[in-house]
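Below are the chains, spelled out letter by letter.
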Amino acid sequence: MIRSLFGKILTSHIVVLVLLTASIGISLSHLVTNYLVEAKKAELIRVGISTTRFLNAVTQDQLYSPSLLENLSDFSGTTMWIIDQENHTRSGKAPKIWQHHMQVQNDPAENLFNGEVTSRLYSANDDDDPAIVVSIPFPQNPSIVLMIHTPITGIAKTSAAIEQLLLYTILGSILLAGIFAFILSRNLTKPISNISHAAEKFTAGNYKSRTTAIGQDEIGRLGFTFNEMAAALERIEQERQEFFSDITHELKTPLATIQAVTESLLDGVVTEKTKQACYLKTTLDECHQMNSLISELLNLARIESGQMHFQYQNLNLGEFIEKQKGKFQPMSAEKNQQLIFSVSPKLVFVKTDPLRIEQILSNLISNALRHSPDGNKIFIQFERDKTSFILSVTDSGEGIPQKDLPYLWDRFYRVDKARSRNKGGTGLGLAITKKLVEGMHGNISVSSIPNEKTIFKVIFPKTF
Ligand SMILES: Nc1ncnc2c1ncn2[C@@H]1O[C@H](COP(=O)(O)OP(=O)(O)OP(=O)(O)O)[C@@H](O)[C@H]1O
Ligand SMILES: [Mg+2]
């Protein structure tokens, strides 16, 4: 079996070509031979009919004199003889092929005496060339028939020459087609091999592997799609590696603190009760930090795997705001900060997923509280317009430098790593928030002027 695509294309080209050329050649050769044979028969019949007309006019003696038919035979370039119903030669001399035929074939002489013109084609045997024999009845003497024989060696030679020519043509065209098919199949299979090699390298772990077989045809487009797919997979792999190194780092930091604090407590270095309590509180804080990191990671994983389902219902904004005030009261009171909620007139109910809205708002408010100085005011607004429901959180805290704004939504991105971490942040809040907003078909944006104003704005399509 041919295994390679190249071999298959090449073979199928050659097979189709051979079949086509051979069938055309054989049919053509038959056609030409038949035409020549039929033309020869017609000529013999014409000569025979003229001869019988002539012989009708001669006397019996002249008819049966050997010289007359001999002369007529020489004149027409054929062999002529006359037979009777018993197949006796009455004049002239029958050629060997006829005698042989009469002996071997079951073709009685009476077949020639039904008043019709007949013709027979004899293929060559050991001694004789192929020949045509025609019989012409005498209109005024039904007891005898004029036989005319002529070899058709010329026609057979012509057919053989045609067949030979065809054979050379077939061989020549096979050679040419072979070269052509070779080039064509190479051109077709080369880019496929290129894509296949690139894919093999990619599978072996070379995520930079790309194909150069890109173009406008189907294979070129396949190559292009492969490259796009490879680039996407490379990106995913890179993100996966970064994600793991980030997680490892994030878990190692609190663990290192816990380890150090526990060791110093066990060593008995710290004996003072108040100091011990302080050390234990640090350990507890780090445990909280790890706990919230893990639950946020789970949250993110659930959203990214598409397992997060949204349950939309009518949310009473008044009640919702009261709940949020109560929830953030302890945190804001700590730094004497104020949360100022406002709702557009006539906006009472919003059709949304209350749990997710709360999650989104919680992260934005806790960020604002965390990154604003003592006594600061934080504004939370719920608005509507013709097409959307808008939620915004504005603070006048430290703000975010312009260069950091595009990366805020990345996992573990924190503007000031150390400070944010000290403030209890894991750097996952905004990544989760963005995914939640997008899951609800909304859009989140941020604008900030450091030490002046930071606004997070969430726009949901109108569902109320
Ligand atoms: N209102 C804000 N003012 C100033 N900086 C902010 C504000 N909101 C977010 N940031 C910056 O963006 C970073 C990412 O915020 P994000 O909510 O994703 O993480 P986090 O608050 O550090 O941790 P987490 O929310 O997971 O507990 C923060 O670390 C902080 O540097
Ligand atoms: Mg946050």
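Given the structure is predicted, the values throughout are model-derived calculations rather than measurements.

1. Considering the UniProt feature "domain: HAMP" (unreviewed entry) in the protein
Thinking step 1. On the UniProt side, "domain: HAMP" (unreviewed entry) is annotated at positions that read residues 186–238 here.
Thinking step 2. Across residues 186–238 one finds 74% helix and 0% strand; the C-alpha atoms that close the span lie 36 Å apart.

2. Comments concerning the environment of glycine 268
Thinking step 1. Mapping glycine 268 onto the fold places it in the loop between α6 (218–266) and α7 (273–304).
Thinking step 2. Its relative accessible area of 40% is what places glycine 268 among the partly exposed residues.
Thinking step 3. Each C-alpha atom of the pair glycine 268 and tyrosine 168 lies 105 Å from the other, and the pair is 100 residues apart in sequence.

3. Concerning the packing of α7 against helix α11 (residues 429–439)
Thinking step 1. The N-to-C vectors of α7 and α11 enclose an angle of 30°; their axes lie 10 Å apart at closest approach. In terms of orientation, α7 and α11 fall into the roughly parallel class. For the pair α7 and α11, the crossing hand works out as left-handed. Between α7 and α11, the residues in contact are Glu296, Asn299, Leu300, Ile303 and Glu304 and Gly429, Ala431, Ile432, Lys435 and Leu436, respectively.
Thinking step 2. Taken together, the residues that form the contact of α7 with α11 break down as 5 nonpolar, 2 polar and 3 charged.

4. Digging into the layout of surface pockets
Thinking step 1. Each pocket or cavity is described by its volume, and for the second largest pocket that value is around 360 Å³.
Thinking step 2. Contributing to the lining of the second largest pocket are 14 residues, with Glu239, Trp409, Asp410, Arg411 and Ala431 lying nearest its centre.
Thinking step 3. The residue makeup of the lining of the second largest pocket, split by class, is 5 nonpolar, no polar and 9 charged.

5. Overview of the coordination of the magnesium ion (ligand 2)
Thinking step 1. Looking at the metal site, the magnesium ion (ligand 2) is ligated by Asn363 (OD1) and Asn367 (OD1), spaced 2.2 to 2.4 Å from it. Taken together, the residues span about one helical turn, with asparagine 363 and asparagine 367 both in helix α9 (residues 354–370) at a distance of 4 residues.
Thinking step 2. Look at asparagine 363 and you get buried, because its relative accessible area is 13%.

Cut-off values and rules
- Residues numbered from 1 in each chain as written.
- Chains lettered and ligands numbered in written order.
- Predicted model: local features only at pLDDT ≥ 70, side-chain atom pairs only at ≥ 80, totals over all residues.
- Heavy atoms only, no water.
- UniProt positions renumbered as here; feature names shortened; annotations may be inferred.
- Helix = DSSP H or I, 4+ residues; strand = E, 2+ residues; numbered from the N terminus.
- Buried < 20%, exposed > 50% of the residue type's maximum accessible area, 1.4 Å probe, protein only.
- Axes fitted to C-alpha atoms, helices over the stretch in contact; angles between N-to-C directions.
- Parallel < 35°, antiparallel > 145°, perpendicular 65-115°, else oblique.
- Left-handed = near helix turned anticlockwise from the far one by under 90°.
- Contact = heavy atoms within 4.5 Å.
- Nonpolar A, V, L, I, M, F, W, Y, C, P; charged D, E, K, R; others polar.
- 1 Å grid on protein atoms, 1.4 Å probe; cavity = no way out; pocket = protein on both sides within 12 Å on 5 of 7 lines; lining within 4 Å.
- Points joined across faces, edges and corners; volume = space filled by probe spheres on them.
- Donors = N, O, S within 2.8 Å, 3.2 Å for Na, K, Ca; no water.

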